[in-house]
Amino acid sequence: MTQTTAENTARRQRAQIKERTLRTDQWWRYPLVTFIIFMAFLIYATWAIFDKSFFVSPYHAPFASPCLAQATCPEEARLFGFAPFGDWYTLPPGLLILGLPAGFRFTCYYYRKAYYRGFWLSPPACAVGEPHRRYTGESRFPLILQNIHRYFFYAAIVIGLILAIDAVKALIGKPDGLGTWILIINAVFINLYTLSCHSCRHITAGRLNHFSRHPVRYRAWGFVSKLNAKHQELALISMFTVMGADLYVRLVAKGIINFPFA
Amino acid sequence: MSYKAKFRVWRGEGGEGRLEDFTVEVNDGEVVLDIIHRLQATQAPDLAVRWNCKAGKCGSCSMEINGKPRLGCMTRMSTFAEDETITVTPMRAFPVIKDLVTDVSFNYQKAREIPSFTPPSDVKPGEYRMQQIDVERSQEFRKCIECFMCNNVCHVIRDHEENKPAFAGPRFLMRIAELDMHPYDVADRKDAAQEEHGLGYCNITKCCTEVCPEHIKITDNALIPMKERVVDRRYDPLVWLGNKIFRRSDAKR
């Protein structure tokens, strides 16, 4: 029998297994389900941006909040009357702000995992060969831009606050309305998702090396870390709540949902 | 209770080889490594397998069982159906020496490339004072048994041999994170992580975490925090400005 040594070329070879994977479980389910859910979200969001029924007092659809355009936003829909975009802006108001929450989710560490697997198949699942011939990951343009995640996090804090204000306005205007409670639930999950973000965890105290010198920040880090452990779940739940709340408000605004406590 | 199980085991030296079929006895409470040993004892005396503790603590018996990186000694036969054919292959990302034994020297090479713990020059051994909460994060990473399954499963090198020189793999990026989070380490780990050890290659698909037999949250607690620290250093002008204005340095935090 031939002896292999460290210098032998054969020794430098991996096992020449032809199959892309030898996994026998349903590894394809995660990328497939991810693809379907995210595609549904993208299709809905595209429709929602161009749909004009985003406000029915006191409900404001989350995908169009805050409403910043004078031409398309009713007085009541403006955040404290603030609408810096004059009559010249006639495009859907959602276009002005949707980039911020979309950017937050697009650069989110959970979503990156999910769409790298579900859309880019890099890799489709663990120990399943990816189809790409070359791979540089996030080490160069354009994916190196994923490092701007924390700026979107700052914006997401503001958006989360605005959605909370919308929920409070709905509570004041119609405390017994089903829509009010849908908006409240949505605001809670959006804010939990935002606070559970890895960038938030880093900013609170993750960047420190001496926790003992910063006891308050350390406690905050502990709290965010607990939320962070549920980041994936919160990302998905908040995606469904924001889509559900948005659709609900639009259906009420269109008169399709019109029962008394709607 | 015992039954006859169907096994397909990779046999060969170097890269060349084939899956060989075996029918072998399985008894209650056994693990895959027991079955490999039974094959050695009864049917294939020259079957090579690396093993040592049989307790999931030495990290020697890393292999791929039904395509998934697992420790042979920690994979119970009771998790498989009796009529299931169980395929056992060597780790794919590393060269094969013989049968299930791979040459994992890539990992030792990468370990050597990381500068060791570097305390401040004015603190002498014996003078280190730190609280438990300051070192807790790093201690999670010390659970690593160096089975190298995280590096094996990471698609950056598993699917792209050409990335090996540029990428240290999750195990050693975790080592860099461990040192960077240490209260008394003053070496510059952030630029090195990005420039020399390929942190940017990681696209956080979490396979390293999925296969870790010690359940270390490699991605969430080491790789992502390290990525965020690199963002502080290289991509966040606000942090840079704050450090300049308040004359902060990493070691003081």
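Residues numbered from 1 in each chain as written. Chains lettered and ligands numbered in written order. Predicted model: local features only at pLDDT ≥ 70, side-chain atom pairs only at ≥ 80, totals over all residues. Heavy atoms only, no water.

Visitor: I keep staring at the overall build of chain B and nothing clicks. Help me out?
Guide: Helix and strand counts for chain B come out as ten helices and seven strands. Projecting the C-alpha coordinates of chain B onto the three principal axes gives extents of approximately 70 × 35 × 30 Å. A fraction of 63% describes how many contacts in chain B between residues 6 or more apart in sequence connect residues 24 or more apart. (Helix = DSSP H or I, 4+ residues; strand = E, 2+ residues; numbered from the N terminus. Contact = heavy atoms within 4.5 Å.)

Visitor: What should I look at first to understand helix H10 (residues 237–245) of chain B in this one?
Guide: A turn of α-helix holds 3.6 residues, and therefore any two residues three or four places apart point the same way. Buried within H10 of chain B are the following residues: Val239, Gly242 and Asn243 of chain B. For H10 of chain B, the angular spread of the buried residues around the axis is 100°, confining them to a single face. In H10 of chain B, those exposed residues whose orientation departs by more than 90 degrees from the buried face are Leu238, Lys244 and Ile245 of chain B. Looking at the buried residues of H10 of chain B, the elements they touch are helix H5 (149–173) of chain A together with helix H9 (218–235) of chain B. Positive phi shows up at Arg247 of chain B, right after H10 of chain B, with a value of about 50°. (Buried < 20%, exposed > 50% of the residue type's maximum accessible area, 1.4 Å probe, protein only. Arc of directions from axis to C-beta.)

Visitor: I tried to follow the domain arrangement of chain B on my own but got confused; where do I start?
Guide: By a widespread convention, an interface's size corresponds to the accessible area lost as its parts come together. Residues and elements named next belong to chain B. The assigned domain composition of chain B is domain 1 (2–102) and domain 2 (105–252). Centre-to-centre separation of domain 1 and domain 2, based on C-alpha positions: 32 Å. Contacts between the two partners involve 13 residues from domain 1 and, on the opposite side, 16 residues from domain 2. Each partner contributes to the roughly 1,100 Å² buried at the junction of domain 1 and domain 2, and carbon and sulfur atoms together form 58% of this total. A per-residue breakdown of the area domain 1 buries against domain 2 is headed by Pro69, Ala93 and Phe94, which together make up 46% of the total. Two residues, Glu214 and Lys57, come together in a salt bridge whose shortest N-O distance is 2.7 Å. If you look at where domain 1 meets domain 2, you find seven residue pairs in polar contact (both at pLDDT 80 or more). (Domains from an automatic or database assignment. Buried area = accessible area lost by both parts, 1.4 Å probe. Salt bridge = Lys/Arg side-chain N within 4 Å of Asp/Glu carboxyl O. Polar contact = N/O pair within 3.5 Å; in protein donor to acceptor, adjacent residues only side chain to side chain.)

Visitor: Can you help me understand the interface of chain A and chain B in this one?
Guide: Counting from both sides, the interface comprises 61 residues of chain A and, opposite them, 69 residues of chain B. Both faces combined, the contact of chain A with chain B buries some 5,600 Å², and carbon together with sulfur accounts for 48% of it. Area buried by chain A at its contact with chain B is led by Arg14, Tyr135 and Asn209 of chain A, which between them contribute 15% of it. We note a salt bridge from Arg150 of chain A to Glu228 of chain B, for which the minimum N-O separation is 2.9 Å. At the junction of chain A with chain B, the criterion picks out 40 residue pairs in polar contact (both at pLDDT 80 or more). Secondary-structure elements contributing two or more residues to the side of chain A that touches chain B are helix H4 (109–118), H5, helix H7 (198–206) and helix H8 (215–228) of chain A. Class assignment for the residues of the side of chain A that touches chain B results in 20 nonpolar, 23 polar and 18 charged. (Nonpolar A, V, L, I, M, F, W, Y, C, P; charged D, E, K, R; others polar.)

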